[in-house]
Amino acid sequence: KKYSNIFLNNVTLKKSKNSLLLYLKNNFDLCKFKENNKIIKYSEPEEHISFISKLILKKIKSKKIKAIGISIKDETLLKKIREKNKNTQFKVFSRRASLEKTIYFFTKKKFNEKYNIVILRHIWEHIYDQKKFFLKLKEIIQNDHLIYIEVPDCLKLIKNLDYSMIWEEHRYYYTKHTLIGELRNLGFEIVLFKRIPHPQEDNLCLLLKIKKKKVLKIKKNRILENLSLSYLKKLSKQKIKNKAFFE
């Protein structure tokens, strides 16, 4: 209950000036909350893991795979890749820390190894400083190799004015349009895109490469812009209702 009130009173949902991306402006640091030292368990959709592993293996040129996952969320996919390719070596950067602390320590760590595939399942939307994270990925990825990113698609929730969306504490709330635009602007090349249907939120699944030149301009999508503005307009009233629920 205490955490719920802190969250409700200290977050603001914003729309990026340069794009239609919705993001949370947090006024408190999630890294400050205490956590135990047990392995953290998450419940992300995994029905598509086998399918995604096949797509990744088709795109990797090398027979010997050296892979890294950023969080415990990535381990299932890494194991599935190794199951299909016995010449796969992988590690998980963090199994015990929260996502926020995992992101922080990952960007601070000095790596002596390079990898030909990096897995990020349901963590990209939590990264506050994505430019810094992108630069760290450039350090550890071998030339012309792959990064797999998977994030939830928030379009259904935005359309339906579902304000439970912000309770997931994501930094960013993506649609296909905003995700691809932001990734390209950051310096990624889209190798492959797949939308995996799910009853609540579809999964946006992308294979990426680091590209040499950035695409700075993000095209406008008027329909999505109107949906986002409508969602933001009605959010303040919903926050009052949610606050009352926890009192």
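Presented here is an overview of the structure given in this document.

Conventions we followed
Along each chain, the written sequence defines residue order, and numbers are assigned to residues from 1. Note on the predicted model: pLDDT of at least 70 is required for a residue's local features to be given, and 80 or more for side-chain atom pairs to be given and counted; whole-chain, interface and lining totals, by contrast, use all residues. Computation of side-chain values covers all heavy atoms of the structure but excludes hydrogens and water. For two strands to be treated as a pair, DSSP must find no fewer than two bridges joining them. The helix and strand labels rest on DSSP assignments: H or I over at least four residues marks a helix, E over at least two residues marks a strand, and numbering proceeds from the N terminus. Orient the strands so they point away from the viewer, and a crossover whose first-strand-to-second-strand path over the helix runs clockwise is right-handed. Fitted lines through C-alpha atoms give the axes, limited to the stretch in contact for helices. The angle between two N-to-C directions lies from 0 to 180 degrees. Patches draw on residues past 30% relative accessible area with no salt bridge. Two like charges within 9 Å are joined, as are two nonpolar side chains (Val, Leu, Ile, Met, Phe, Trp, Tyr) within 5 Å. All accessible-area figures derive from a Shrake-Rupley calculation using a 1.4 Å probe, and residue coverage is judged against the displayed protein chains alone. A side-chain nitrogen of Lys or Arg and a carboxyl oxygen of Asp or Glu constitute a salt bridge if their distance falls within 4 Å. We score Asp and Glu as negative and Lys and Arg as positive, and we do not count His or the chain ends. In this description, the location of a charge corresponds to atom NZ of lysine, CZ of arginine, CG of aspartate or CD of glutamate. When an angle is under 35 degrees it counts as roughly parallel; over 145 it counts as roughly antiparallel; between 65 and 115 it counts as roughly perpendicular; any other value is oblique. Definitions for this section: a left-handed crossing has its near helix turned counterclockwise from the far helix by less than a right angle. A right-handed crossing has that turn clockwise. Here a residue-residue contact requires only that any non-hydrogen atoms of the pair lie within 4.5 Å. Each residue is assigned to one of three groups, with Ala, Val, Leu, Ile, Met, Phe, Trp, Tyr, Cys and Pro labelled nonpolar, Asp, Glu, Lys and Arg labelled charged, and all others, Gly among them, labelled polar.

Taken together, the 6 bridges between strand 3 (residues 65-71) and strand 4 (residues 88-94) define a ladder with parallel strand orientation. Within strand 4, the residue paired with Ile 65 across the bridge is Thr 88. For the handedness criterion, the β-α-β arrangement of strand 3, helix 3 (residues 75-84) and strand 4 is classed as right-handed.

Pairing is mixed in the open sheet, where 6 strands are placed in the order 4-3-5-6-9-8. Here the strands that pair on one side only, and so sit at the sheet edges, are strand 4 and strand 8 (188-196). Each adjacent strand pair in this sheet contributes to an overall mean axis angle of 20°, direction not counted.

In this section: a positive patch on the surface. A grouping of Lys 54, Lys 58, Lys 84 and Lys 194 is seen on the molecular surface, where their side chains present a positively charged patch. Position of Lys 194 relative to the elements: it lies in strand 8.

Let us look at the pairing of strand 8. Two elements, strand 8 and strand 9 (residues 203-210), share 8 bridges in a ladder whose sense is antiparallel. Across the sheet, residue Leu 192 finds its bridge partner in strand 9, namely Leu 207.

Here we take up the packing of helix 4 (residues 99-108) against helix 5 (residues 130-140). At a minimum axis separation of 9 Å, helix 4 and helix 5 run at an interaxial angle of 50°. For the element pair helix 4 / helix 5, the angle class is oblique. The handedness of the crossing between helix 4 and helix 5 comes out as left-handed. Contact with helix 4, carried on its side by Ile 103, Phe 106 and Thr 107, involves Lys 132, Phe 133, Lys 136, Leu 137 and Ile 140 of helix 5 and no other residues of that element. Here the contact of helix 4 with helix 5 is composed, by residue class, of 5 nonpolar, 1 polar and 2 charged.

Purely geometric numbers; function is a separate question.
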